[in-house]
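Descriptive structure summary
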There are 2 protein chains.
Amino acid sequence: MEPKKAGVGKRPGDRPRRAGRAAKSSRQQPRATQADKPARAKPAASPLALGDLSQLLGYSLRRAQLWVFREFGRQLSAFDISPAQFSVLCVIDANPGVNQLAIAQLLSIERAGLGRLVDHLEGRGLVRRTASAINRRYYVLYLTDEGTALLGRIRPAAAESDKRLAAKIGPHAYRELRRALSVFLQET
Amino acid sequence: MEPKKAGVGKRPGDRPRRAGRAAKSSRQQPRATQADKPARAKPAASPLALGDLSQLLGYSLRRAQLWVFREFGRQLSAFDISPAQFSVLCVIDANPGVNQLAIAQLLSIERAGLGRLVDHLEGRGLVRRTASAINRRYYVLYLTDEGTALLGRIRPAAAESDKRLAAKIGPHAYRELRRALSVFLQET
DNA sequence: TATTGTTATACTCTATAACTATA
DNA sequence: TATAGTTATAGAGTATAACAATA
(Lines give C-alpha, C1' and ligand atoms only; values in the text may rest on other atoms or scores of the structure.)
Protein backbone atom coordinates (compact mmCIF):
# COMPACT_ATOMS: atom_id res chain seq x y z
CA MET A 1 0.00 0.00 0.00
CA GLU A 2 2.70 2.48 0.93
CA PRO A 3 5.51 2.55 -1.57
CA LYS A 4 8.81 3.14 0.12
CA LYS A 5 11.10 3.96 -2.73
CA ALA A 6 10.63 3.93 -6.44
CA GLY A 7 12.67 2.72 -9.34
CA VAL A 8 15.48 4.60 -10.94
CA GLY A 9 14.02 4.60 -14.42
CA LYS A 10 15.72 3.69 -17.62
CA ARG A 11 15.02 4.81 -21.12
CA PRO A 12 15.69 3.57 -24.64
CA GLY A 13 18.55 6.07 -24.97
CA ASP A 14 22.18 5.56 -25.62
CA ARG A 15 23.35 3.22 -22.90
CA PRO A 16 22.97 -0.51 -23.54
CA ARG A 17 20.28 -2.38 -21.70
CA ARG A 18 21.02 -5.16 -19.33
CA ALA A 19 19.42 -8.53 -19.66
CA GLY A 20 16.36 -9.33 -17.61
CA ARG A 21 16.77 -9.03 -13.87
CA ALA A 22 16.60 -12.76 -13.51
CA ALA A 23 19.28 -13.17 -16.17
CA LYS A 24 17.99 -16.68 -16.70
CA SER A 25 18.76 -16.39 -20.36
CA SER A 26 22.05 -15.34 -21.82
CA ARG A 27 22.33 -12.49 -24.24
CA GLN A 28 24.54 -13.20 -27.16
CA GLN A 29 24.53 -10.42 -29.64
CA PRO A 30 26.33 -7.19 -28.81
CA ARG A 31 23.81 -4.43 -28.96
CA ALA A 32 25.67 -1.79 -30.94
CA THR A 33 26.38 -3.88 -33.99
CA GLN A 34 22.78 -4.06 -35.08
CA ALA A 35 21.26 -0.93 -33.61
CA ASP A 36 21.44 0.77 -36.94
CA LYS A 37 18.37 -0.49 -38.66
CA PRO A 38 15.61 1.89 -37.57
CA ALA A 39 15.55 3.35 -41.05
CA ARG A 40 12.58 1.19 -41.96
CA ALA A 41 11.07 1.54 -38.52
CA LYS A 42 7.43 2.34 -38.89
CA PRO A 43 6.34 3.67 -35.50
CA ALA A 44 3.10 1.78 -35.90
CA ALA A 45 0.86 4.78 -35.66
CA SER A 46 -1.49 2.87 -37.91
CA PRO A 47 -3.96 0.44 -36.34
CA LEU A 48 -2.11 -2.51 -34.93
CA ALA A 49 -2.72 -6.04 -36.08
CA LEU A 50 -3.22 -8.97 -33.75
CA GLY A 51 -1.60 -11.35 -36.18
CA ASP A 52 -2.21 -15.02 -35.52
CA LEU A 53 -4.06 -14.15 -32.34
CA SER A 54 -7.11 -13.02 -34.26
CA GLN A 55 -7.47 -16.54 -35.66
CA LEU A 56 -6.99 -18.23 -32.31
CA LEU A 57 -10.28 -18.86 -30.59
CA GLY A 58 -8.49 -19.35 -27.30
CA TYR A 59 -7.43 -15.73 -27.39
CA SER A 60 -10.97 -14.51 -27.98
CA LEU A 61 -12.08 -16.63 -25.07
CA ARG A 62 -9.45 -15.09 -22.85
CA ARG A 63 -10.41 -11.54 -23.81
CA ALA A 64 -14.08 -12.32 -23.25
CA GLN A 65 -13.37 -13.84 -19.86
CA LEU A 66 -11.30 -10.84 -18.81
CA TRP A 67 -14.10 -8.51 -19.83
CA VAL A 68 -16.69 -10.52 -17.92
CA PHE A 69 -14.55 -10.73 -14.80
CA ARG A 70 -13.90 -7.02 -14.86
CA GLU A 71 -17.61 -6.39 -15.18
CA PHE A 72 -18.56 -8.96 -12.59
CA GLY A 73 -15.84 -7.79 -10.24
CA ARG A 74 -17.23 -4.29 -10.44
CA GLN A 75 -20.63 -5.60 -9.43
CA LEU A 76 -19.16 -7.70 -6.62
CA SER A 77 -16.90 -4.99 -5.24
CA ALA A 78 -19.88 -3.46 -3.43
CA PHE A 79 -20.08 -6.70 -1.42
CA ASP A 80 -16.32 -7.04 -0.91
CA ILE A 81 -16.36 -10.47 -2.48
CA SER A 82 -14.29 -12.00 -5.25
CA PRO A 83 -15.66 -14.13 -8.07
CA ALA A 84 -13.97 -17.18 -6.55
CA GLN A 85 -15.54 -16.55 -3.15
CA PHE A 86 -18.89 -16.11 -4.82
CA SER A 87 -18.58 -19.43 -6.60
CA VAL A 88 -17.86 -21.23 -3.33
CA LEU A 89 -20.85 -19.60 -1.66
CA CYS A 90 -23.03 -20.78 -4.54
CA VAL A 91 -21.85 -24.36 -4.22
CA ILE A 92 -22.38 -24.47 -0.46
CA ASP A 93 -25.80 -22.95 -0.93
CA ALA A 94 -26.75 -25.55 -3.51
CA ASN A 95 -25.23 -28.42 -1.50
CA PRO A 96 -25.62 -27.82 2.21
CA GLY A 97 -23.29 -30.03 4.20
CA VAL A 98 -20.77 -30.37 1.41
CA ASN A 99 -17.13 -30.89 2.33
CA GLN A 100 -14.16 -28.95 1.07
CA LEU A 101 -12.65 -31.58 -1.15
CA ALA A 102 -15.90 -32.00 -3.03
CA ILE A 103 -16.06 -28.26 -3.64
CA ALA A 104 -12.48 -28.17 -4.82
CA GLN A 105 -13.11 -30.96 -7.30
CA LEU A 106 -16.35 -29.48 -8.57
CA LEU A 107 -14.79 -26.06 -9.16
CA SER A 108 -11.40 -27.42 -10.26
CA ILE A 109 -9.44 -25.49 -7.67
CA GLU A 110 -6.80 -26.68 -5.23
CA ARG A 111 -7.58 -27.96 -1.76
CA ALA A 112 -4.94 -25.75 -0.19
CA GLY A 113 -6.21 -22.55 -1.70
CA LEU A 114 -9.78 -23.46 -0.92
CA GLY A 115 -8.92 -23.89 2.75
CA ARG A 116 -7.77 -20.29 3.01
CA LEU A 117 -10.73 -19.08 1.03
CA VAL A 118 -13.14 -20.82 3.39
CA ASP A 119 -11.12 -19.45 6.31
CA HIS A 120 -11.93 -16.01 5.04
CA LEU A 121 -15.61 -16.73 4.48
CA GLU A 122 -15.88 -18.25 7.93
CA GLY A 123 -14.09 -15.28 9.44
CA ARG A 124 -16.69 -13.00 7.88
CA GLY A 125 -19.46 -15.10 9.35
CA LEU A 126 -20.80 -16.22 5.99
CA VAL A 127 -19.98 -19.92 6.29
CA ARG A 128 -20.25 -22.33 9.18
CA ARG A 129 -17.72 -25.12 9.50
CA THR A 130 -18.74 -28.16 11.47
CA ALA A 131 -16.90 -31.37 12.14
CA SER A 132 -18.84 -34.23 10.64
CA ALA A 133 -20.16 -36.67 13.20
CA ILE A 134 -20.01 -39.48 10.67
CA ASN A 135 -16.48 -39.13 9.41
CA ARG A 136 -14.30 -37.00 11.58
CA ARG A 137 -11.93 -36.21 8.74
CA TYR A 138 -14.60 -34.08 7.12
CA TYR A 139 -15.62 -30.56 7.61
CA VAL A 140 -19.25 -30.04 6.84
CA LEU A 141 -20.06 -26.62 5.42
CA TYR A 142 -23.23 -24.58 5.60
CA LEU A 143 -24.10 -21.02 4.84
CA THR A 144 -24.98 -18.99 7.89
CA ASP A 145 -28.12 -16.87 7.79
CA GLU A 146 -25.85 -13.97 7.05
CA GLY A 147 -24.27 -15.90 4.19
CA THR A 148 -27.64 -16.78 2.75
CA ALA A 149 -28.75 -13.18 3.02
CA LEU A 150 -25.61 -11.91 1.32
CA LEU A 151 -25.97 -14.42 -1.49
CA GLY A 152 -29.54 -13.25 -1.94
CA ARG A 153 -28.31 -9.71 -2.39
CA ILE A 154 -25.54 -10.75 -4.77
CA ARG A 155 -27.82 -12.79 -7.00
CA PRO A 156 -29.33 -9.75 -8.78
CA ALA A 157 -25.86 -8.32 -9.30
CA ALA A 158 -24.75 -11.54 -10.94
CA ALA A 159 -27.80 -11.53 -13.16
CA GLU A 160 -27.12 -7.93 -14.05
CA SER A 161 -23.57 -8.83 -15.02
CA ASP A 162 -24.85 -11.54 -17.31
CA LYS A 163 -27.33 -9.13 -18.81
CA ARG A 164 -24.54 -6.71 -19.68
CA LEU A 165 -22.72 -9.47 -21.46
CA ALA A 166 -25.85 -10.24 -23.43
CA ALA A 167 -26.19 -6.58 -24.29
CA LYS A 168 -22.59 -6.42 -25.46
CA ILE A 169 -22.62 -9.39 -27.80
CA GLY A 170 -26.31 -9.41 -28.66
CA PRO A 171 -29.07 -11.77 -27.53
CA HIS A 172 -28.58 -14.20 -30.37
CA ALA A 173 -24.85 -14.57 -29.78
CA TYR A 174 -25.59 -14.84 -26.08
CA ARG A 175 -27.84 -17.85 -26.60
CA GLU A 176 -25.35 -19.47 -28.96
CA LEU A 177 -22.57 -18.88 -26.48
CA ARG A 178 -24.51 -20.45 -23.66
CA ARG A 179 -25.17 -23.53 -25.76
CA ALA A 180 -21.64 -23.77 -27.08
CA LEU A 181 -20.06 -23.55 -23.65
CA SER A 182 -22.43 -25.82 -21.78
CA VAL A 183 -20.00 -28.69 -22.33
CA PHE A 184 -17.56 -27.19 -19.86
CA LEU A 185 -20.06 -27.29 -17.01
CA GLN A 186 -20.77 -31.01 -16.89
CA GLU A 187 -17.36 -32.50 -16.26
CA THR A 188 -14.12 -32.23 -14.40
CA MET B 1 11.66 -25.84 -5.37
CA GLU B 2 13.01 -27.29 -2.17
CA PRO B 3 10.48 -27.27 0.63
CA LYS B 4 12.23 -26.63 3.92
CA LYS B 5 9.61 -27.54 6.42
CA ALA B 6 6.01 -28.50 6.11
CA GLY B 7 2.85 -27.57 7.88
CA VAL B 8 1.71 -29.02 11.14
CA GLY B 9 -1.62 -30.27 9.87
CA LYS B 10 -4.97 -29.73 11.40
CA ARG B 11 -8.14 -31.72 11.13
CA PRO B 12 -11.85 -31.13 11.65
CA GLY B 13 -11.62 -32.83 15.05
CA ASP B 14 -12.36 -31.58 18.49
CA ARG B 15 -10.17 -28.50 18.90
CA PRO B 16 -11.59 -25.21 17.70
CA ARG B 17 -10.21 -23.72 14.52
CA ARG B 18 -8.49 -20.40 14.46
CA ALA B 19 -9.55 -17.66 12.13
CA GLY B 20 -7.69 -17.18 8.87
CA ARG B 21 -4.01 -16.44 9.19
CA ALA B 22 -4.56 -12.89 8.15
CA ALA B 23 -7.30 -12.51 10.73
CA LYS B 24 -8.64 -9.64 8.68
CA SER B 25 -12.13 -10.57 9.67
CA SER B 26 -13.30 -11.11 13.17
CA ARG B 27 -14.96 -14.30 14.23
CA GLN B 28 -17.96 -13.74 16.35
CA GLN B 29 -19.77 -16.92 17.19
CA PRO B 30 -18.21 -19.37 19.61
CA ARG B 31 -17.77 -22.64 17.85
CA ALA B 32 -19.09 -25.11 20.38
CA THR B 33 -22.54 -23.62 20.73
CA GLN B 34 -23.63 -24.56 17.25
CA ALA B 35 -21.50 -27.57 16.43
CA ASP B 36 -24.39 -29.88 17.16
CA LYS B 37 -26.30 -29.88 13.93
CA PRO B 38 -24.58 -32.55 11.81
CA ALA B 39 -27.58 -34.81 12.28
CA ARG B 40 -28.92 -33.77 8.88
CA ALA B 41 -25.49 -33.63 7.36
CA LYS B 42 -25.60 -35.39 4.03
CA PRO B 43 -22.00 -36.06 3.05
CA ALA B 44 -22.91 -35.14 -0.49
CA ALA B 45 -22.03 -38.45 -2.05
CA SER B 46 -24.67 -37.64 -4.64
CA PRO B 47 -23.69 -35.55 -7.67
CA LEU B 48 -23.06 -32.00 -6.62
CA ALA B 49 -24.98 -29.08 -8.00
CA LEU B 50 -23.40 -25.89 -9.26
CA GLY B 51 -26.36 -23.83 -8.13
CA ASP B 52 -26.56 -20.36 -9.60
CA LEU B 53 -23.23 -20.87 -11.32
CA SER B 54 -24.78 -23.09 -13.96
CA GLN B 55 -26.95 -20.17 -15.07
CA LEU B 56 -24.10 -17.70 -15.12
CA LEU B 57 -22.53 -17.47 -18.54
CA GLY B 58 -19.47 -15.81 -17.03
CA TYR B 59 -18.73 -19.02 -15.17
CA SER B 60 -18.95 -21.13 -18.31
CA LEU B 61 -16.60 -18.71 -19.98
CA ARG B 62 -14.13 -19.05 -17.15
CA ARG B 63 -14.21 -22.82 -17.25
CA ALA B 64 -13.80 -22.83 -21.01
CA GLN B 65 -10.88 -20.45 -20.81
CA LEU B 66 -9.19 -22.55 -18.14
CA TRP B 67 -9.59 -25.63 -20.29
CA VAL B 68 -8.16 -23.91 -23.35
CA PHE B 69 -5.21 -22.48 -21.43
CA ARG B 70 -4.41 -25.84 -19.93
CA GLU B 71 -4.52 -27.38 -23.39
CA PHE B 72 -2.58 -24.59 -25.01
CA GLY B 73 -0.06 -24.50 -22.17
CA ARG B 74 0.57 -28.20 -22.73
CA GLN B 75 1.31 -27.50 -26.37
CA LEU B 76 3.53 -24.54 -25.54
CA SER B 77 5.47 -26.25 -22.78
CA ALA B 78 7.63 -27.97 -25.38
CA PHE B 79 8.84 -24.51 -26.42
CA ASP B 80 9.19 -23.19 -22.87
CA ILE B 81 6.87 -20.31 -23.63
CA SER B 82 3.80 -19.02 -21.86
CA PRO B 83 0.57 -17.98 -23.58
CA ALA B 84 1.31 -14.36 -22.68
CA GLN B 85 4.78 -14.53 -24.21
CA PHE B 86 3.32 -16.13 -27.29
CA SER B 87 0.82 -13.32 -27.67
CA VAL B 88 3.56 -10.71 -27.53
CA LEU B 89 5.61 -12.57 -30.13
CA CYS B 90 2.56 -12.62 -32.39
CA VAL B 91 2.02 -8.89 -32.09
CA ILE B 92 5.64 -8.04 -32.79
CA ASP B 93 5.60 -10.39 -35.75
CA ALA B 94 2.49 -8.75 -37.16
CA ASN B 95 3.74 -5.22 -36.43
CA PRO B 96 7.51 -5.02 -36.82
CA GLY B 97 8.86 -1.94 -35.16
CA VAL B 98 6.04 -1.67 -32.65
CA ASN B 99 6.76 -0.10 -29.29
CA GLN B 100 5.95 -1.52 -25.89
CA LEU B 101 3.15 0.81 -24.95
CA ALA B 102 1.28 -0.01 -28.13
CA ILE B 103 1.58 -3.72 -27.39
CA ALA B 104 0.40 -3.24 -23.83
CA GLN B 105 -2.65 -1.32 -25.00
CA LEU B 106 -3.49 -3.79 -27.74
CA LEU B 107 -3.27 -6.78 -25.42
CA SER B 108 -4.70 -4.97 -22.39
CA ILE B 109 -1.76 -5.73 -20.16
CA GLU B 110 0.30 -3.42 -17.96
CA ARG B 111 3.37 -1.58 -19.16
CA ALA B 112 5.38 -2.68 -16.14
CA GLY B 113 4.66 -6.36 -16.57
CA LEU B 114 5.27 -6.15 -20.29
CA GLY B 115 8.72 -4.71 -19.69
CA ARG B 116 9.77 -7.77 -17.75
CA LEU B 117 8.18 -10.07 -20.28
CA VAL B 118 10.12 -8.43 -23.12
CA ASP B 119 13.25 -8.58 -20.97
CA HIS B 120 12.83 -12.30 -20.91
CA LEU B 121 12.16 -12.63 -24.62
CA GLU B 122 15.17 -10.45 -25.39
CA GLY B 123 17.31 -12.49 -23.03
CA ARG B 124 16.35 -15.60 -24.96
CA GLY B 125 17.33 -13.93 -28.19
CA LEU B 126 13.82 -13.97 -29.63
CA VAL B 127 13.23 -10.23 -29.70
CA ARG B 128 15.48 -7.35 -30.64
CA ARG B 129 15.11 -4.04 -28.86
CA THR B 130 16.33 -0.94 -30.65
CA ALA B 131 16.17 2.67 -29.64
CA SER B 132 14.05 4.53 -32.13
CA ALA B 133 15.92 7.13 -34.13
CA ILE B 134 12.77 9.20 -34.54
CA ASN B 135 11.57 9.40 -30.98
CA ARG B 136 14.19 8.46 -28.48
CA ARG B 137 11.66 7.57 -25.83
CA TYR B 138 10.62 4.57 -27.86
CA TYR B 139 11.95 1.14 -28.00
CA VAL B 140 11.39 -0.38 -31.36
CA LEU B 141 10.82 -4.11 -31.28
CA TYR B 142 11.52 -6.75 -33.88
CA LEU B 143 11.65 -10.49 -33.89
CA THR B 144 15.08 -11.92 -34.38
CA ASP B 145 15.53 -14.65 -36.94
CA GLU B 146 15.45 -17.03 -34.04
CA GLY B 147 12.20 -15.51 -32.83
CA THR B 148 10.65 -15.80 -36.27
CA ALA B 149 11.76 -19.40 -36.51
CA LEU B 150 10.36 -20.24 -33.11
CA LEU B 151 7.06 -18.62 -33.94
CA GLY B 152 6.95 -20.66 -37.10
CA ARG B 153 7.32 -23.81 -35.07
CA ILE B 154 4.72 -22.73 -32.53
CA ARG B 155 2.10 -21.87 -35.13
CA PRO B 156 1.12 -25.48 -35.82
CA ALA B 157 0.89 -26.13 -32.09
CA ALA B 158 -1.48 -23.21 -31.69
CA ALA B 159 -3.59 -24.45 -34.58
CA GLU B 160 -3.63 -27.90 -33.04
CA SER B 161 -4.84 -26.45 -29.77
CA ASP B 162 -7.69 -24.71 -31.54
CA LYS B 163 -8.52 -27.91 -33.34
CA ARG B 164 -8.86 -29.74 -30.06
CA LEU B 165 -11.25 -27.11 -28.85
CA ALA B 166 -13.31 -27.57 -31.99
CA ALA B 167 -13.30 -31.31 -31.45
CA LYS B 168 -14.44 -30.89 -27.88
CA ILE B 169 -17.41 -28.64 -28.48
CA GLY B 170 -18.20 -29.66 -32.03
CA PRO B 171 -17.60 -27.81 -35.32
CA HIS B 172 -20.95 -26.05 -35.28
CA ALA B 173 -20.51 -24.70 -31.75
CA TYR B 174 -16.96 -23.76 -32.67
CA ARG B 175 -18.13 -21.57 -35.54
CA GLU B 176 -20.83 -20.01 -33.39
CA LEU B 177 -18.34 -19.34 -30.66
CA ARG B 178 -15.93 -17.67 -33.01
CA ARG B 179 -18.67 -15.40 -34.28
CA ALA B 180 -20.08 -14.64 -30.85
CA LEU B 181 -16.70 -13.69 -29.40
CA SER B 182 -15.36 -11.67 -32.30
CA VAL B 183 -16.62 -8.53 -30.59
CA PHE B 184 -13.91 -8.81 -27.97
CA LEU B 185 -11.13 -8.64 -30.53
CA GLN B 186 -11.86 -5.27 -32.10
CA GLU B 187 -11.63 -2.91 -29.16
CA THR B 188 -9.79 -1.98 -26.05
C1' DT C 1 3.58 19.41 -18.79
C1' DA C 2 2.73 14.80 -20.99
C1' DT C 3 4.59 10.45 -22.52
C1' DT C 4 7.57 6.03 -22.71
C1' DG C 5 9.77 2.87 -20.21
C1' DT C 6 11.69 1.56 -16.05
C1' DT C 7 12.02 -0.11 -11.02
C1' DA C 8 10.10 -1.31 -6.65
C1' DT C 9 6.47 -3.06 -4.13
C1' DA C 10 2.43 -5.47 -2.74
C1' DC C 11 -1.24 -8.45 -3.33
C1' DT C 12 -3.58 -12.26 -5.33
C1' DC C 13 -3.62 -16.95 -7.51
C1' DT C 14 -1.77 -21.13 -8.31
C1' DA C 15 0.84 -25.26 -7.58
C1' DT C 16 3.47 -28.37 -4.85
C1' DA C 17 5.15 -30.79 -1.01
C1' DA C 18 4.95 -32.37 3.61
C1' DC C 19 2.45 -33.18 7.71
C1' DT C 20 -1.53 -34.69 11.15
C1' DA C 21 -5.49 -36.98 12.13
C1' DT C 22 -8.60 -40.13 10.65
C1' DA C 23 -10.34 -44.11 8.16
C1' DT D 1 -2.22 -47.56 3.21
C1' DA D 2 -5.37 -43.96 1.65
C1' DT D 3 -7.96 -39.70 2.47
C1' DA D 4 -9.41 -34.74 4.26
C1' DG D 5 -7.54 -30.83 5.66
C1' DT D 6 -3.83 -28.06 6.87
C1' DT D 7 0.65 -25.43 6.51
C1' DA D 8 4.69 -23.60 4.20
C1' DT D 9 6.66 -22.09 0.14
C1' DA D 10 7.69 -20.65 -4.44
C1' DG D 11 6.26 -18.95 -8.78
C1' DA D 12 3.45 -16.48 -11.79
C1' DG D 13 0.44 -12.60 -12.78
C1' DT D 14 -1.39 -8.12 -11.75
C1' DA D 15 -1.73 -3.50 -10.11
C1' DT D 16 0.18 0.79 -8.49
C1' DA D 17 3.31 4.35 -7.58
C1' DA D 18 7.42 6.84 -8.34
C1' DC D 19 11.24 7.97 -11.21
C1' DA D 20 14.43 9.39 -15.46
C1' DA D 21 14.64 10.69 -20.00
C1' DT D 22 12.43 12.61 -23.67
C1' DA D 23 9.07 15.25 -26.14
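Residues numbered from 1 in each chain as written. Chains lettered and ligands numbered in written order. Predicted model: local features only at pLDDT ≥ 70, side-chain atom pairs only at ≥ 80, totals over all residues. Heavy atoms only, no water.

1. Describing the overall build of chain A
Looking only at helices and strands, chain A has six helices and two strands in total. Beginning at the N terminus, the succession of helices and strands in chain A can be written as α-α-α-α-β-β-α-α. Going through the 188 residues of chain A one by one, you find that 47% of them count as buried. Long-range contacts, defined here as pairs at least 24 residues apart, represent 48% of the contacts in chain A between residues at least 6 apart. (Helix = DSSP H or I, 4+ residues; strand = E, 2+ residues; numbered from the N terminus. Buried < 20%, exposed > 50% of the residue type's maximum accessible area, 1.4 Å probe, protein only. Contact = heavy atoms within 4.5 Å.)

2. So, the UniProt feature "domain: HTH marR-type" (unreviewed entry) in chain A
The feature "domain: HTH marR-type" (unreviewed entry), as given by UniProt, occupies residues 50-186 of chain A in the numbering adopted here. Annotated as residues 50-186 of chain A, this span is 66% helix and 7% strand, and its ends, taken at the C-alpha atoms, are 33 Å apart. (UniProt positions renumbered as here; feature names shortened; annotations may be inferred.)

3. Thoughts on the packing of aromatic side chains
Here the structure, examined in full by the defined rule, presents four aromatic pairs over all chains. Sitting over the face of the ring of Tyr139 of chain B, Arg129 of chain B holds its NZ or CZ atom 5.1 Å from the ring centroid. (Phe/Tyr/Trp six-rings, centres within 6.5 Å; stacked < 30°, edge-to-face > 60°. Lys NZ or Arg CZ within 6 Å of the ring centre and 35° of its normal.)

4. Remarks on the pairing of strand E2 (residues 139-143) of chain A
Residues and elements named next belong to chain A. Within E2, five of the five residues are buried, leaving the element largely enclosed by the surrounding structure. The alternating pattern of E2 places Tyr139, Leu141 and Leu143 and Val140 and Tyr142 on opposite faces, both of which are buried. As judged from the five bridges shared by strand E1 (residues 127-131) and E2, these two strands associate in the antiparallel manner. Considered in E2, the bridge of Arg129 is made with Leu141. (Pairing = 2+ DSSP bridges.)

5. Brief notes about the pattern of salt bridges
Residues and elements named next belong to chain A. For the structure on display, the rule yields 18 salt bridges over all chains. The salt bridge involving Glu71 is made with Arg74; its shortest N-O contact spans 3.4 Å. Of this pair, Glu71 and Arg74 both sit in helix H1 (residues 57-77), separated by three residues, roughly a single helical turn. A relative accessible area of 8% means that Glu71 is categorised as buried. (Salt bridge = Lys/Arg side-chain N within 4 Å of Asp/Glu carboxyl O.)

6. A few points about helix H6 (residues 171-181) of chain B
Of the positions making up H6 of chain B, those classed as buried are Ala173, Tyr174, Glu176, Leu177, Ala180 and Leu181 of chain B. The arc that holds every buried residue of H6 of chain B, seen down its axis, measures 165 degrees, which confines them to one face. What points out from H6 of chain B, more than 90 degrees from its buried face, is the exposed set Pro171 and Arg179 of chain B. Each element contacted by the buried residues of H6 of chain B is listed here: H1, helix H5 (145-169) and helix H6 (171-181) of chain A together with helix H5 (145-169) of chain B. (Arc of directions from axis to C-beta.)

7. Re the environment of Asp145 of chain A
Residues and elements named next belong to chain A. Structurally, the position occupied by Asp145 is in helix H5. Its relative accessible area of 70% is what places Asp145 among the exposed residues. For the pair formed by Asp145 and Leu126, sequence separation is 19 residues and the distance between their alpha carbons is 7.6 Å.

8. Brief notes about the environment of Tyr174 of chain B
Locating Tyr174 of chain B in the fold gives a position in helix H6. Here the alpha-carbon distance between Tyr174 of chain B and Gly147 of chain B, two residues 27 residues apart in the chain, equals 30 Å. Apart from residues lying up to four places away in sequence, Tyr174 of chain B is in contact with Leu57 of chain A together with Asp162, Ala166 and Ile169 of chain B.

9. Concerning the packing of helix H3 (residues 100-107) of chain A against helix H4 (residues 111-123) of chain A
All names here are of chain A. Close contact between H3 and H4 brings their axes to 10 Å; oriented N to C, the two are set at 115 degrees. For the crossing formed where H3 meets H4, the hand is right-handed. Residues Gln100, Leu101, Ile103 and Ala104 of H3 form the contact with H4, whose participating residues are Arg111, Leu114, Gly115 and Val118. Considering only residue class, the contact of H3 with H4 consists of five nonpolar, two polar and one charged. (Axes fitted to C-alpha atoms, helices over the stretch in contact; angles between N-to-C directions. Left-handed = near helix turned anticlockwise from the far one by under 90°. Nonpolar A, V, L, I, M, F, W, Y, C, P; charged D, E, K, R; others polar.)

10. Focus: H5 of chain A
Look at H5 of chain A: 37 Å from first C-alpha to last across 25 residues, which is about the 36 Å you get at 1.5 Å a residue. Along H5 of chain A, the helix axis deviates most sharply at Ile154 of chain A, where the bend reaches about 25 degrees; the proline Pro156 of chain A sits within four residues downstream. The set of residues buried in H5 of chain A consists of Gly147, Leu150, Leu151, Ile154, Ala157, Ala158, Ser161, Asp162, Leu165, Ala166 and Ile169 of chain A. Buried residues in H5 of chain A make contact with H1, helix H2 (83-94), E2 and H6 of chain A together with helix H1 (57-77) and H6 of chain B. (Expected span 1.5 Å × (residues − 1). Bend = angle between axes of the 7 residues up to and from the residue.)

11. With respect to unusual backbone geometry
All names here are of chain A. Phi at Ser108 takes a positive value of approximately 55 degrees, unusual for a residue other than glycine. As for its placement among the helices and strands, Ser108 is situated in the loop between H3 and H4. Taking the relative accessible area as the measure of exposure, Ser108 reaches 34% and is therefore partly exposed.

12. Looking at the confidence of the model for chain A
Residue and element names in this part refer to chain A. When pLDDT is averaged along chain A, the result is 80, and 74% of the positions lie at 70 or above. Averaged over each element, pLDDT in chain A is lowest for E1 (92) and highest for H2 (96). Counting interchain partners and residues more than four positions distant, the pLDDT-below-50 stretch residues 1-8 has zero contacts. Counting interchain partners and residues more than four positions distant, the pLDDT-below-50 stretch residues 14-45 has 41 contacts. (pLDDT = per-residue confidence, 0-100.)

13. Concerning the side chain of Glu176 of chain B
Among the structural elements, Glu176 of chain B can be located in helix H6. Judged by its relative accessible area of 5%, Glu176 of chain B falls in the buried class. With near-sequence residues (within four places) excluded, Glu176 of chain B lies in contact with Glu176 and Arg179 of chain A.

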